[in-house]
Structures are given as C-alpha cells and as structure tokens.
Amino acid sequence: MSAFVVLGAQWGDEGKGKMTDYLAEKADVVVRFQGGNNAGHTVEVGEKQYKLHLIPSGILYDNKLNIIGNGVVLDPKAMFEEIDYLEGLGVEVTPEKLLISDRTQVIMPYHRILDGLKERARGKNDIGTTGKGIGPCYTDKAERSGIRVCDLMHEKEFEEKLRKNIEDKNAIISLYGGETLDYDTVYNEYMAYAERMRPYVQDTSVTIYDEIKANKNVLFEGAQGSLLDIDYGTYPYVTSSNTVAGGVCTGTGVGPTMITNAVGIAKAYTTRVGKGPFPTELNDEIGDWIREKGHEYGVTTGRSRRCGWLDLVILKSTARVSGLTSFAVTKIDTLGGLEKIKMCTGYKLGDKVIDYFPASLEDLAKCEPIYEEFDGWDDSVADARSYDELPKNAKAYLNRIAEFTGTRISIIGVGPKRDQTITIDEL
Ligand code: GDP
Ligand code: IMO
Ligand code: MG
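Residues numbered from 1 in each chain as written. Chains lettered and ligands numbered in written order. Predicted model: local features only at pLDDT ≥ 70, side-chain atom pairs only at ≥ 80, totals over all residues. Heavy atoms only, no water.

Caption draft 1: Expanded view of the side chain of Ser226. Mapped onto the fold, Ser226 is located in the loop between β10 (217–221) and α9 (246–252). Setting aside its immediate chain neighbours within four residues, Ser226 contacts Leu7, Gly8, Ala9, Gln10, Tyr232, Gly233, Thr243, Val244 and Thr318. (Helix = DSSP H or I, 4+ residues; strand = E, 2+ residues; numbered from the N terminus. Contact = heavy atoms within 4.5 Å.)

The following block contains the structure:
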C-alpha cells in the first residue's frame, strides 16, 4: 500500500502537473485535495500539451480513477468547460474515471464577482488573485453559508440556500458598486450543472479508504505551493487553502497514519505570480533571461511570473512543515547556459543570520539573502536520462539542496515531457 502526496514546495508552478503525470503511471488513484481552478497544471505527452485546472492530472491515463476531494472549491461551469476541452482532445472523462466528493464546496457566480470587487477595493494592496472566486468561496465555507455538491443534489435544500445567499450577496455586491444577480437565472444554470454532475458524485472519503486498504497506490496532487498556504505562506499574499501535506487529511477525509510519502516539487529556481514578498527576486536581465528560457507565464491568467534564485530557506521550511520524504527538482535544464548560478542559504536579519522563513512581512522585508555561488552547466543537461549523465556542476548544485534541507532528491526534471525525467530512486 502507498498513499503519497505531491505538493508544491515554493509559490506554485513548480511542475506538479508534469510530476503527477509521471508518477501517476504507477498510481491507481489521483486525488486533488485543495484549491480549485486557480491552479494551472501543464502536462506534455508526446506532441500533445494539456492544461488542467481542476481535474486531477491522472485523467490523461485511461485506467486511473481521479477524485476531486472535499477540500477543493469546485466551479461547475469551469469544470464542464475543462471536461469538454479534454474530450475535444480525445481524453474521456466518464464517471468511471472521475469522482467528486459530495462534501465539496461549490463556487457560485457571486464568488467570482466578489473576488473581483474585493480586489478592486484593496487598491494598491491587492493580492493579485486569479479572480476565480476561490477566496470568497472558502470564506463562505468557514462562515458556514457555503453550498456543497450534496446540496446541489437536493433541489429543495439548494433552493433555500441559494435564495438566502443571493439576498445576502446582492447586498454586498451593491455596497461595492457591482452588478447584482438574478435568482432564477442562477438557479436554472446550477440545476443544469447538478443533473450533469450527479453520476460523478460520491462519498469519496470512503472510496479512498477502501482503495488504500485494498493495497492500491493513491497519489494526492497538490495545487499552488507551500508559501501560498493560508497558515504557513506569506500571509495575506496567499491562497485560501492549506497547500501543505496536512491539507490532504482534512481535504480528502484520510487519516494521517495512512499517508506514506510526501514529495515536494521544487523548481531549480524560484517564481511567483501575483503580489507579495520574494527575497531572492531578480529584477534584472538574469530574471528576464530565466523568464524567457523557462516560459514563465501563468497557465491560468497569462501573467508573467516573477523570477529569482533558488531559496533553500523556503525549501527547508517546506520540508519541515510537510514532513517531506523527498524532493523532485524540476527545470534544471532551464538554468543551462548560465555561467554562475546562485542559491540562497540564509537571511541576514539585523545582526542575526536565520535559516527559517519569518512570519512577519515586516521582518521578511528586512531580510537580506545570503548566497552561495555555483558554476553553471550547459544545455546538454536536457538529454541526460540518469543521474550519472548529469554534468558535474549540476550534481554539485543538487547535492547542496539535499544536504542543506536534510531531504534526499528522488526525481529530477530535465524538460517538460514525460520522458525528460530522471528517477534516482523509486518512491
Ligand atoms: P504546476 O502548476 O506546478 O503544474 O506547473 P505549471 O504547469 O504551471 O508550470 C510548469 C511549467 O514547466 C510547465 O510549462 C511544464 O510543462 C514545464 N516543466 C515541468 N517540468 C519541467 C522541467 O523539468 N523542465 C522544463 N524545461 N520544463 C518543465
Ligand atoms: P498552481 O497549482 C501560482 C496565487 C495568485 C495570487 C494568490 C491568491 O498552478 O501552482 P487565489 O486566486 O488563489 O485567491 O490567488 O495565489 N496563485 C497561484 N500562483 N500557481 C498557482 O497554482 C496559483 N494559484 C493561486 O497568483 O497571488
Ligand atoms: Mg501552475
């Protein structure tokens, strides 16, 4: 039996989609446990490229079960658009391949509207959200006014909850100067989604438990990254869910003792989309060079990603908070061609040197990264298919990551395609 977590070790976009797809070959079930269609996971198989937002990356295989867990916030409009997009590319998305937890919170049109209005009201202090309604939906969950998939399945209950929500949300929307919603229009739209969704809905906590007990391999696919975690990230410049490994338990209904491994996906450098602190950011020609070479543009919003050197303070914190059993390091090929490569191994904060990530943004703003410098490697790294074939300088760089974080590296990515992957040891 194995139940393992694949999660982002930085600010998202580390290559989780590609690694999930790669590891899913040996998995029976792939489960999303948090986030929603704010995620953008790219998977390249052969000549085809797939962009997934809400559907687990295991969907590209014919014989894997994919599950949207209760910790996810599900936008039915976006989900059916994604299903239609996948079917258009020849990927079947049947209830035999996809299940949805009946406890999953549903993103409603007023969540998307409020996401936009609240961002506008924040002015220069905006978070830079994806605008998908994620924060407002999780707010309703915590406030206990959310609508769940099981409510959608019960017309009477849905009717009552929607009426109350439309009344409340229209009042708030008006306050922010937005356009209010019509109850009947939303009701009819969501009733149509409910009918299409019904065959996919189940108590998936039971399903996952049974699969693990039957010695199947279950992979939990994270979205976003550790530093976007609502508790451990750069609050308030974070997303509204627990992206760390602990989120798997509450987000799928699986006990912590059933989880065997947690793999942190770490990009060989650092990127971030949206606002918030970023100690190793490169606002110079090297940052621009990395952005172009690594195609660092958002999959969900198309925004350009901020780029910087690898930050081991972040990776060490992620390893601790998520109890990582190993790292998968992606995109070392992108750095190929640089003469010198830097890596942050601590922050100077006043007269102290720290190697943990501070909670206060004020402290973080005062942190000066301390760098170690490495000799670079060339583009031939993309052709390596074993650790031994890697250039010696790339090995030195990778070894330092493992040494500093006290966490081994199990997989290395040398390109976006499935086969551009080096497995050091099996999970
Ligand atoms: P995710 O959100 O973590 O799944 O990552 P994204 O898909 O948003 O961004 C990662 C990008 O890097 C995608 O375009 C991937 O195809 C690509 N990618 C993943 N791993 C590698 C790698 O090892 N090398 C290169 N060059 N590209 C990679
Ligand atoms: P994947 O799964 C990178 C960022 C947004 C914003 C903040 C809050 O592809 O790694 P939200 O819409 O979630 O309320 O926005 O979080 N963000 C991501 N950044 N990758 C993602 O997903 C992200 N999902 C959200 O840019 O800064
Ligand atoms: Mg992404």
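Caption draft 2: Quick look at the site of ligand 2. Surrounding ligand 2, one finds 20 residues, the nearest of these being Asp13, Lys16, His41, Thr130 and Thr239. Asn38 places a polar side-chain atom, nitrogen or oxygen, 2.9 Å from an oxygen atom of ligand 2. At 3.2 Å, a backbone N or O of Val273 approaches an oxygen atom of ligand 2. Here ligand 2 loses 97% of its free accessible area of 560 Å² to cover by the protein chains. In the shell around ligand 2, the residues fall into seven nonpolar, 10 polar and three charged. (Near = heavy atom within 4 Å. Polar contact = N/O pair within 3.5 Å; in protein donor to acceptor, adjacent residues only side chain to side chain. Areas by Shrake-Rupley, 256 points an atom, 1.4 Å probe, with all protein chains shown as cover. Nonpolar A, V, L, I, M, F, W, Y, C, P; charged D, E, K, R; others polar.)

Caption draft 3: Structural detail: the UniProt feature "active site" (unreviewed entry) in the protein. Following the UniProt record, one finds the feature "active site" (unreviewed entry) at Asp13, His41 and Lys141. Of the residues just listed, which span 129 residues, the most distant C-alpha pair is 25.9 Å apart, and they do not cluster in one region. Position of Asp13 among the secondary structure elements: in the loop between β1 (2–8) and α1 (16–24). Residues contacting Asp13, with those up to four places away along its chain left out, are Gly40, Lys267, Thr271, Val273 and Arg305. Assignment of secondary structure puts Lys141 in helix α4 (residues 134–143). A relative accessible area of 34% means that Lys141 is categorised as partly exposed. With residues near it in sequence (within four places) discarded, Lys141 still touches Asn70, Gly71, Gln105 and Gly146. (UniProt positions renumbered as here; feature names shortened; annotations may be inferred. Buried < 20%, exposed > 50% of the residue type's maximum accessible area, 1.4 Å probe, protein only.)

Caption draft 4: Here's a closer look at the coordination of the magnesium ion (ligand 3). Here the magnesium ion (ligand 3) is held by the protein donor atoms Asp13 (OD) and Gly40 (O), which lie 2.0 to 2.2 Å from it. On the criterion of sequence distance, the pair formed by Asp13 in the loop between β1 and α1 and Gly40 in the loop between β2 (29–32) and β3 (41–45) is long-range, its members being 27 residues apart. (Donors = N, O, S within 2.8 Å, 3.2 Å for Na, K, Ca; no water.)

Caption draft 5: Layout of the environment of Asp284. Along the chain, the position of Asp284 falls in the loop between β12 (270–272) and α10 (285–293). The exposure class assigned to Asp284 is partly exposed, which follows from its relative accessible area of 28%. Considering only alpha carbons, one finds Asp284 and His295, 11 residues apart in sequence, at a separation of 17 Å. At 3.0 Å, the side chain of Asp284 forms a polar contact with the backbone nitrogen of Ile286. Here Gly287 takes part through its backbone nitrogen, which lies 3.0 Å from a polar atom of the side chain of Asp284.

Caption draft 6: The environment of Ala268, seen in detail. Along the chain, Ala268 turns up in the loop between β11 (261–267) and β12. Among the residues examined, Ala268 registers a relative accessible area of 0% and is labelled buried. Sequence separation of Ala268 and Ala245 is 23 residues, and the distance between their C-alpha atoms is 21 Å.

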